[in-house]
Amino acid sequence: MKSKTLFDRIWDSHVVSTIENGPEILYIDRHLIHEVTSPQAFHGLKSRKTGVLRPERTVATPDHNVPTADQHLPISDELSRYQVAKLEKNCKEHNITMYGLNHPFHGIVHVIGPELGLTQPGMTIVCGDSHTSTHGAFGSVAFGIGTSEVEMVLATQCVMQPKPKTMRITVDGEIGAGVTAKDIILYIISQLTTSGGTGYFVEYAGSAIRNLSMEARMTICNMSIEMGARGGLIAPDEITFEYIMGREYAPKGEDFKNAVEKWKKLRTDDDAEFDKEYTFKAENIEPMITFGTNPGMGMSIDSEVPALEMIEPENRDSFLKSQKYMGIEPGTSLLGKKIDYVFVGSCTNGRIEDLRMFTAFVKGKVKSADVTVWIVPGSKQVENQAREEGLIDILTESGFQFRQPGCSACLAMNDDKVPEGKYSVSTSNRNFEGRQGPGARTMLVSPVTAAAAAITGKISDPRDFLAK
Amino acid sequence: MAKEKFISEESGCIPLNIENVDTDQIIPARFLKATTRDGFGENLFRDWRYDRKNEPVKEFVLNRPEVKGKILVTGKNFGSGSSREHAAWAIYDYGFRVVVSSFFADIFKNNALNNGLLPVQVSQDFLEKLFVLLEDDKTTRVKVDLEEQTISVPSTGMNQHFGISSYKKECMLNGYDDIDYLLNIKDEVLDFEKRRSLW
Ligand code: SF4
């Protein structure tokens, strides 16, 4: 048999048929939906007079548009309330399980999927959201789709997609103190640019990736889309199986053992070839921060924003536009720069380990009086666990407030908006113009670097604190 | 559901000479609260089109009355970021039928094709020349012929071939959509469910 990459292995086994000179028809095992990109799809079903083929394969949760305070009250924004109610109605009508506000399983769609064991190795997983790539951390083929495709999956449990090319990104070695999975992925994107992965599906490999926890692997796969890739995945191993065991939707008992035996076969053959390969050394990765208006514009926190001369002539206009928006001079250092907001949360860094990292850093220190800090758990389960572990108490003692789960300031659809011109140090995944509110200036970092900023009120190198 | 057919289009162009235009710029998240597909054109490029007081930004190309057309010409890596199909709906709803760039983000390209909006990928060189022409003469017309898969500037004779999968081409020419296709082969899907084996 021809040798295969892990991606090929999963993809090929899900192909229902192939259209000549066209896309492949891919069967979808798990479909996640949320309130923003699904209403038009349900509407489409109605106009076609068709129903949902496999409602048990779809799970819903409202996350993008929900308030992160007073979730026990009716949503005050009329349009948001309507959108969430619409999701509930559509799910009821079509027998789809939905975990709504205040349900113990509610949360950001990409946080609850893994947490509930809905995400399993070898599956094809889609959602009307580009960060569906998160689920690739379990060795699944997971990618974001548009609303027309949401409708396709509801109606037929399939999507039509051209098969992407394969890329392997290997990170070998050990990361240093103060460096996290977020820094690894920001580093990779800064090297590949925001379009370097377009047309590809990425497999992350190497000792630095193997050594990461499941949550850290999710942070890496989550941002695959930020380099343009369709998705990213990591071969499952003992760390994966242990994470899945015992979760709500995970196979139980004997079934679990059998599943693990099958999951163990999910790897890239030694002699399989990728269309493209990159290798990086973990030792070269330092705490990262972005200085521009796309996630590829990142650098080590202690280095300088590139000077104009270092930018290719044809890219200078875009670069200057971006630096003007950010109010950052080319060629300068960001260390010591005053900031206004800190956002800890999102499907990139809103899981329990992220909150542990942040809390461990700020413990015994005091929040800077000059910054507003939003700490938003990725899910109700994360919120409850943070409470049980005493994290919320520690944070309160240091002057921080804890909010309720949702996407929040990651995309600023709800009230959590950064005001115009203000600087926000954020653990989310996108620093596009206006992403956190019209005119907001976002700098992407890890939870540890966010903690250093929350304490000092300035861009600070977290390693300066670790040494002391 | 049948979509509007796309055969060819000849019109003026709107040049947006910016690279890496992401979907948050095309349609900011705060306008995604609607539950229908209509009306997103109103907020297309909202934060570039209007200032914070909601006054139109005079210099922005969509606000310049002398620039008209159904073809949007943009810098490379157009449509990166979020998977929101609202971006394609907004561009279509505003009145565009074609987007020309030297590079498109994957999900955007798919979304556009699923909504009767034709993404035409040209070489960087062709794109730069086109921007120069449009800079010199705002009324320069461009012709996009899907049957022939060509984009040309009739006044200068400049032209280029562009790629599209033959399946998608058929869909666009005939106004078919993928869901119709899939619903027609539902038996194959049911059969797959029975016969599927593991990886
Ligand atoms: S947290 Fe942000 S990136 Fe993740 S699903 Fe929500 S809006 Fe998208």
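Cut-off values and rules
Residues numbered from 1 in each chain as written. Chains lettered and ligands numbered in written order. Predicted model: local features only at pLDDT ≥ 70, side-chain atom pairs only at ≥ 80, totals over all residues. Heavy atoms only, no water. Helix = DSSP H or I, 4+ residues; strand = E, 2+ residues; numbered from the N terminus. Rg over C-alpha atoms; globule rule 2.2 N^0.38 Å. Buried < 20%, exposed > 50% of the residue type's maximum accessible area, 1.4 Å probe, protein only. Contact = heavy atoms within 4.5 Å. Areas by Shrake-Rupley, 256 points an atom, 1.4 Å probe, with all protein chains shown as cover. Lys, Arg positive; Asp, Glu negative; His and termini not counted. Charge placed at Lys NZ, Arg CZ, Asp CG, Glu CD. Expected span 1.5 Å × (residues − 1). Arc of directions from axis to C-beta. Buried area = accessible area lost by both parts, 1.4 Å probe. Salt bridge = Lys/Arg side-chain N within 4 Å of Asp/Glu carboxyl O. Near = heavy atom within 4 Å. Nonpolar A, V, L, I, M, F, W, Y, C, P; charged D, E, K, R; others polar. Domains from an automatic or database assignment. Pairing = 2+ DSSP bridges. Axes fitted to C-alpha atoms, helices over the stretch in contact; angles between N-to-C directions. Parallel < 35°, antiparallel > 145°, perpendicular 65-115°, else oblique. Left-handed = near helix turned anticlockwise from the far one by under 90°. Polar contact = N/O pair within 3.5 Å; in protein donor to acceptor, adjacent residues only side chain to side chain.

(A) Quick peek at the overall build of chain A. The secondary structure content of chain A amounts to 17 helices and 18 strands. Radius of gyration (C-alpha) of chain A: 21 Å, near the 23 Å computed for a compact globule of 468 residues. Structurally, chain A occupies a C-alpha span of about 55 × 55 × 45 Å along its principal axes. The buried share among the 468 residues of chain A stands at 66%. Counting contacts in chain A only where the partners sit at least 6 residues apart, residues at least 24 apart contribute 76% of the total. When the accessible surface of chain A is summed, it comes to about 16100 Å², and 48% of that surface belongs to carbon and sulfur atoms. Between the mean site of the 50 positive side-chain charges and the mean site of the 60 negative ones, chain A shows a separation of 3 Å.

(B) Quick peek at the overall build of chain B. The helix and strand inventory of chain B stands at eight helices and seven strands. Rg of the C-alpha trace for chain B: 18 Å, near the compact-globule value of 16 Å for 199 residues, within the 12% margin. Based on the C-alpha atoms only, the size of chain B along its principal axes is roughly 60 × 45 × 30 Å. Buried residues in chain B amount to 56% of all 199 residues. Restricting the contact set of chain B to residue pairs at least 6 apart, pairs at least 24 apart contribute 65%. Carbon and sulfur atoms provide 48% of the accessible area of chain B, an area that totals close to 8500 Å². Distance from the positive charge centre (27 side chains) to the negative charge centre (32 side chains) of chain B: 3 Å.

(C) Seen up close, helix 5 (residues 124-136) of chain B. All names here are of chain B. Over its 13 residues, helix 5 extends 19 Å from the first C-alpha to the last, a length consistent with the 18 Å expected when each residue adds 1.5 Å. Taken together, the buried positions of helix 5 are occupied by Phe126, Leu127, Leu130, Phe131 and Leu134. What you see down the axis of helix 5 is that its buried residues fit within an arc of 140°, all on one side. For helix 5, the exposed residues set more than 90 degrees away from the buried face come down to Glu135 and Asp136. Where the residues of helix 5 are buried, they touch strand 1 (8-16), strand 2 (71-74), strand 3 (98-101), strand 5 (141-145), strand 6 (150-153) and strand 7 (158-161).

(D) Spotlight on the interface of chain B and chain A. Contacts between the two partners involve 59 residues from chain B and, on the opposite side, 76 residues from chain A. Together chain B and chain A conceal approximately 5500 Å² of surface at their shared face, both sides included; 58% is due to carbon and sulfur atoms. For chain B, the biggest contributors to the area lost against chain A are Lys33(B), Thr35(B) and Trp199(B); these three give 16% of the whole. One can count eight salt bridges joining chain B with chain A.

(E) Molecular detail of the site of the ligand. Residue and element names in this part refer to chain A. Surveying the vicinity of the ligand reveals the residues His64, Ile108, His110, Asp129, His131, Ser346, Cys347, Cys407, Cys410, Leu411, Asn429 and Arg435. Considering only residue class, the shell around the ligand consists of five nonpolar, five polar and two charged. Structurally, the shell around the ligand is a two-domain feature, drawing no fewer than three residues from each of domain 1 (6-277) and domain 2 (292-466).

(F) Spotlight on the sheet that holds strand 1 of chain B. All names here are of chain B. An order of 4-3-2-1-5-6-7 is seen for the seven strands of this open sheet, with the pairing classed as mixed. A strand with exactly one partner marks an edge of an open sheet, and here the two such strands are strand 4 (118-121) and strand 7. Going across the sheet, the axis of each strand differs from the next one's by a mean of 25°, ignoring polarity.

(G) Expanded view of the side chain of Glu9(B). Residue and element names in this part refer to chain B. In this structure, Glu9 sits in strand 1. Under the relative-accessibility criterion, Glu9 is labelled buried at 13%. Those residues in contact with Glu9 that sit more than four places away from it in its chain are Lys70, Arg97, Val98, Val142, Lys143 and Val144.

(H) Looking closely at the pairing of strand 4 of chain B. Where strand 3 of chain B meets strand 4 of chain B, four bridges bridge the pair, whose relative direction is parallel. Bridging from a neighbouring strand, Ser101(B) pairs with Gln121(B) of strand 4 of chain B.

(I) Here's a closer look at helix 3 (residues 86-94) of chain B. Counting buried positions over the nine residues of helix 3 of chain B gives seven, a clear majority of the element. Buried residues belonging to helix 3 of chain B abut helix 2 (39-48) and helix 5 (147-156) of chain A together with helix 1 (23-26), strand 2, strand 3 and helix 4 (106-113) of chain B. Phi turns positive one or two residues past the end of helix 3 of chain B, at Gly95(B), with a value near 125°.

(J) Geometry of the pairing of strand 18 (residues 441-444) of chain A. Residues and elements named next belong to chain A. Of the two faces of strand 18, both are covered, the one formed by Arg441 and Met443 as well as the one formed by Thr442 and Leu444. As defined by bridge partners, strand 17 (residues 423-426) adjoins strand 18 across four bridges and the pair is classed as parallel. If you follow Val425 over to strand 18, its bridge partner there is Met443.

(K) Geometry of the packing of helix 2 of chain A against helix 3 (residues 78-93) of chain A. Residues and elements named next belong to chain A. Contact geometry for helix 2 and helix 3: axes closest at 10 Å, N-to-C directions at 40°. By the angle between their axes, helix 2 is oblique relative to helix 3. Two packed elements cross with a definite hand, and for helix 2 against helix 3 that hand is left-handed. Where helix 2 abuts helix 3, its residues Pro39, Phe42 and Lys46 lie against Lys86, Lys89, Asn90 and Glu93. Residues that form the contact of helix 2 with helix 3 fall into these classes: two nonpolar, one polar and four charged.

(L) Seen up close, the sheet that holds strand 15 (residues 341-344) of chain A. Residue and element names in this part refer to chain A. Pairing is parallel in the open sheet, where four strands are placed in the order 16-15-17-18. Every interior strand has two partners, whereas the edge strands, strand 16 (372-375) and strand 18, have only one. Recorded for the sheet is a direction-independent mean angle of 20° between the axes of neighbouring strands. Those strands touched by helix 11 (residues 316-326) are strand 17 and strand 18, and its axis lies near 105° from that of strand 18.

(M) A look at the domain arrangement of chain A. All names here are of chain A. Domain parsing of chain A yields domain 1 (6-277) and domain 2 (292-466). Here the C-alpha centroids of domain 1 and domain 2 sit 24 Å apart. Every contact between the two is made by 43 residues of domain 1 and, on the other side, 40 residues of domain 2. Note on domain 1 versus domain 2: buried area summed over both sides is about 3300 Å², and carbon and sulfur give 56% of it. Looking at the side of domain 1 facing domain 2, the largest losses of area belong to Thr68, Ile108 and Glu215, adding up to 20% of the total buried there. Our count for the contact surface shared by domain 1 and domain 2 stands at one salt bridge. Note that Glu226 is salt-bridged to Arg430, the shortest N-O span being 2.6 Å. Between domain 1 and domain 2 we count 24 residue pairs in polar contact (both at pLDDT 80 or more) in total. Of all the secondary-structure elements, those providing two or more residues to the side of domain 1 that touches domain 2 are helix 4 (109-115), helix 6 (181-192) and helix 8 (214-222). Residues that form the side of domain 1 that touches domain 2 fall into these classes: 17 nonpolar, 19 polar and seven charged.

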